[in-house]
Amino acid sequence: MKKKPFAFSVSIFLSILLFAVCVSSCSRSNQVRSFSEESLFSLSYGNFEEQISLFGENSVLANSTYISMRDGFFYIVNGESQKIMSLNSYGDLLAIYYNADEYADKNPGLLKQSNNGLWKAVEYPFTYTGKMTVDSRKYMYVVATVPKERTEQAEGENLVYSYVVLSFSSDGSSIGYIGQQGFGGTPFPYIKDVYTTENDDLVVVCVTLEGLYVYWFSKDGQLRYRIPILMQKIPRISLDRINVNSALSSSDLYVTVENAVPDCYAEKLYVKVDYYLPYIDKDSRVESGIDYIQSCIYPLEIENGVYGEGVNILPYEESVTEDFSKITYRLPYDFLGVTRNGYFFFIIATANNGFSIEIMQDGTQAVLKRNLDLSHKEMLYYSLSLSHDGIISALIAQKDTAEVVWWRTDTLLDSVLHF
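This section reports on the structure supplied with the text. Positions within a chain are numbered from 1, following the residues in the order the chain's sequence is written. For this predicted model, a pLDDT threshold of at least 70 governs which residues receive local features, and a threshold of 80 or more governs which side-chain atom pairs are given and counted, while totals over whole chains, interfaces and linings are taken from all residues. For side-chain calculations, the full set of non-hydrogen atoms in the structure is used, while hydrogens and water are omitted.

Moving on, we come to the overall build of the protein. Each helix is a run of H or I in the DSSP string that is no shorter than four residues. Each strand is a run of E no shorter than two, and both are numbered from the N terminus. Counting secondary structure elements, the protein contains three helices and 31 strands. Burial classes follow relative accessibility: with a 1.4 Å probe on protein chains only, a residue under 20% of its type's maximum area counts as buried, one over 50% as exposed, and anything between as partly exposed. Looking at the protein as a whole, 47% of its 419 residues qualify as buried. For the protein, the exposed surface amounts to about 22100 Å²; the carbon and sulfur share of it is 50%. Method for areas: the Shrake-Rupley scheme with a 1.4 Å probe, in which residue coverage is limited to the protein chains shown.

In summary, the pairing rule links any two rings of Phe, Tyr or Trp, Trp by its six-membered ring, whose centres are within 6.5 Å, and it sorts them by plane angle into stacked for under 30 degrees, edge-to-face for over 60 and tilted for everything else. Inspection of the entire model under this criterion finds 14 aromatic pairs. Considering the side-chain rings of Tyr 124 and Phe 168, the 5.3 Å spacing of their centres and the 80° angle between planes classify their relative orientation as edge-to-face. You can see Tyr 124 sitting in the loop between β6 (120-123) and β7 (129-134) and its partner Phe 168 sitting in strand β11 (residues 163-168), a full 44 residues away along the chain. Neither Tyr 124 nor Phe 168 differs from the other in exposure class; each is buried. Judged by centre distance (4.8 Å) and plane angle (90°), the ring pair of Tyr 270 and Phe 344 falls under edge-to-face. Of this pair, Tyr 270 sits in strand β19 (residues 268-280) while Phe 344 sits in strand β26 (residues 343-349); the two residues are 74 residues apart in sequence, bridging distant segments of the chain. Each member of the pair, Tyr 270 together with Phe 344, is buried. An aromatic cluster is built from Tyr 270, Phe 335, Phe 344 and Phe 346, whose rings are joined through pairwise contacts. Here, a charge over a ring is recorded when the distance from Lys NZ or Arg CZ to the ring centre is within 6 Å and its angle to the ring normal is within 35 degrees. Lying over the aromatic face of Tyr 139, Arg 137 brings its terminal NZ or CZ to 3.9 Å of the ring centre. For Arg 408, the ring lying beneath its charged end belongs to Trp 406, and the centroid distance is 5.4 Å.

The next thing to look at is the nonpolar core. What we call a nonpolar core is a set of buried Ala, Val, Leu, Ile, Met, Phe, Trp, Tyr and Cys residues that are connected through their side-chain atoms within 4.5 Å. Among the nonpolar cores identified, the biggest contains 39 residues, and Ile 227, Ile 229, Leu 269 and Tyr 275 are the most heavily contacted of them. Looking at this core, the elements that each hand over two or more residues are β15 (202-208), β16 (211-217), β17 (223-230), β18 (254-262), β19, β20 (287-301), β25 (334-338) and β26. Considering every element that reaches this core, the biggest residue donor is β19, with six residues. Not counting residues within four places of it along the chain, the set of residues in contact with Ile 229 comprises Glu 210, Gly 211, Leu 212, Val 214, Ile 234, Val 257, Ala 260, Leu 269, Val 271, Leu 300 and Tyr 307. Listed in part, the 23 residues of the second largest apolar core include Phe 41, Leu 54, Met 69 and Leu 87. Whether two residues are in contact is decided by their heavy atoms: any pair within 4.5 Å suffices.

What follows covers the environment of Lys 138. Within the fold, Lys 138 resides in the loop between β7 and β8 (140-145). Residues Lys 138 and Ser 170 lie 32 residues apart in sequence; the distance between their C-alpha atoms is 5.1 Å. Only 3.0 Å separates the side chain of Lys 138 from the side chain of Asp 71, close enough to count as a polar contact. A 3.5 Å cut-off defines polar contacts: any pair of N or O atoms within that distance qualifies, except that in protein one atom must be a possible hydrogen donor and the other a possible acceptor, and neighbouring residues in sequence count only when both atoms are side-chain atoms.

As for its position among the elements, Thr 196 is in strand β14 (residues 191-196). Looking at Thr 196, its side chain comes within polar contact range of the main-chain oxygen of Val 134, at 3.1 Å. Setting aside residues up to four positions removed in sequence, Thr 196 forms contacts with Arg 70, Thr 133, Val 134, Asp 135, Tyr 141, Asp 201, Leu 202 and His 388.

Now for the sheet that holds strand β29 (residues 381-386). Judged by pairing direction, the sheet is antiparallel, and its four strands sit side by side in the order β1-β31-β30-β29 without closing on themselves. Looking at strand neighbours, the two that pair on one side only are β1 (37-44) and β29, the edges of this open sheet. Across the sheet, the mean angle from the axis of one strand to that of its neighbour is 15°, orientation sign disregarded. Note on pairing: two strands pair once DSSP finds at least 2 bridges between them. Inter-axis angles, ranging from 0 to 180 degrees, are taken between N-to-C directions of lines fitted to C-alpha atoms, where helices are fitted over the stretch in contact.

Glancing now at the pattern of salt bridges. We count a salt bridge whenever a side-chain nitrogen from Lys or Arg sits within 4 Å of a carboxyl oxygen from Asp or Glu. Within the structure shown, the criterion is met by 16 salt bridges. One salt bridge in this structure joins Arg 137 and Asp 135, with 2.8 Å as the shortest N-O distance. Overall, the relative accessible area of 26% leaves Arg 137 in the partly exposed class. Looking at Asp 135, the relative accessible area reads 0%, which means it is buried. Of the charged contacts in the structure, one is a salt bridge between Arg 408 and Asp 410, with a shortest N-O distance of 2.9 Å. Given the relative accessible area of 23%, Asp 410 is considered partly exposed. A cluster of three or more residues bridged by salt bridges with shared partners is formed by Arg 70, Asp 71, Lys 138, Glu 198, Arg 340 and Asp 389.

Our next topic: the layout of surface pockets. A 1.4 Å probe that fits but cannot get out identifies a cavity on a 1 Å grid over protein atoms alone, an open set with protein on both sides within 12 Å along at least five of seven lines counts as a pocket, and a residue lines either if it has an atom within 4 Å of a point. Grid points are joined across faces, edges and corners, and a volume is the space filled by probe spheres set on the points. Roughly 1100 Å³ of volume is contained in the largest pocket. Listed by contribution, the elements that provide at least two residues to the lining of the largest pocket are β2 (65-70), β7, β14, β18, β25, β26 and β29. Grouping the amino acids of the lining of the largest pocket by side-chain chemistry returns 27 nonpolar, eleven polar and eleven charged. Amino acid classes used here: Ala, Val, Leu, Ile, Met, Phe, Trp, Tyr, Cys and Pro are nonpolar; Asp, Glu, Lys and Arg are charged; the rest, including Gly, are polar.

On to unusual backbone geometry. Backbone geometry places Lys 138, a non-glycine residue, at a positive phi of 70°. Since its relative accessible area comes to 24%, Lys 138 is described here as partly exposed. The phi dihedral of Asp 200 is positive, around 65°, even though this residue is not glycine. Positionally, Asp 200 belongs in the loop between β14 and β15.

What follows concerns the pairing of strand β5 (residues 93-98). One face of the sheet, then the other: side chains in a regular strand alternate in exactly this way. Buried residues dominate β5, accounting for five of its six residues. Connecting the antiparallel pair strand β4 (residues 83-87) and β5 is a turn made up of five residues, with Gly 91 showing a positive phi of about 90°. Bridging between β5 and β6 involves four bridges; their strand directions are parallel. Residue pairing in the sheet places Tyr 97 in a bridge with Val 122 of β6.

Our focus in this paragraph is a nonpolar patch on the surface. On the surface, Ile 327, Tyr 329 and Leu 331 cluster together into a nonpolar patch covering about 230 Å² of accessible area. By secondary structure assignment, the location of Tyr 329 is in strand β24 (residues 325-331). Every patch collects residues that have over 30% relative accessible area and no salt bridge, joining them within 9 Å if they carry like charges and within 5 Å if they are nonpolar side chains (Val, Leu, Ile, Met, Phe, Trp, Tyr).

Structure follows, in structure tokens:
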């Protein structure tokens, strides 16, 4: 008889414990976790070789500084100082590519001092510098502008062609600049981004009034493909399964081509498209804005120009409480890139948690959401990049220094998303 109370107590305890575990598991599953940040090194502000400059003559924050990482080596384009820095993961300077005239004005004779062979200096007359990419050979490709007298404008077009891609070999020597036709070609329109594939092909994504134009070059700089991605030819989504105004149809959609990213191996582009519909005021029945509806990724076979079946991208949702009511906003992610293992990365800046990352695996419905915990209040400027391995690197400008950090998402992806 004395054992029954004990047995009864144990059963109650196990029931309570099981309930607590279930509640705890559900709570954790609804909470978006964060990737672990690893701080690597910091850079001080200034005009010396191992420093970066983020402020112009009028103390206005510059916006032409970008970071790229390849195989553990970091490359920082510092537009304000007109230089490119190559560093290892400890922050040791390996090489600097600089505009000699720019440095002569700010620090006369600075680079003539001996550096004891610890790093090499390469002179190049940069004008404006933009984004960059690095291939497996450690060849650098850097977006730049041509002098004003060399810009071009097509007849009948309200578009200026003034961008080129500078190329440097692994030993630091300049190979030349790449234009629309290849080396020495006519300038591009505005370059949104540049990418390299695992085959060391160069892909240049340009923005025009009609959409995007993508130029695909072989590793020796020969033009292979010129791919127009025109908004008027983008596939339309069906509104049958979307809860929208029944008076609207697919012909009412506003279409924006947000980005196009090459596959790491195949001759294929992944095109991200955002769809919007007019917002009709219920009372006045007048169009008073647009509502975000949906985003899709379309594979585009570049040899035949055929779009594959689109894959929906889950939107970012953020809730705001106002006047005792809760409003949920749906926003589109930006397309950050694709890894060699077929993971699609999407990113958006959030109000509280820094950045939200959404990761999809090609060919499956697996989706992983994580946060990059950063304080927007402490950031003056930032630049993010994604490597083919799935490592997110960042240059984060704060009040006193610029920090270089990364998030090793590559160590988590296969175990979480691989089914």
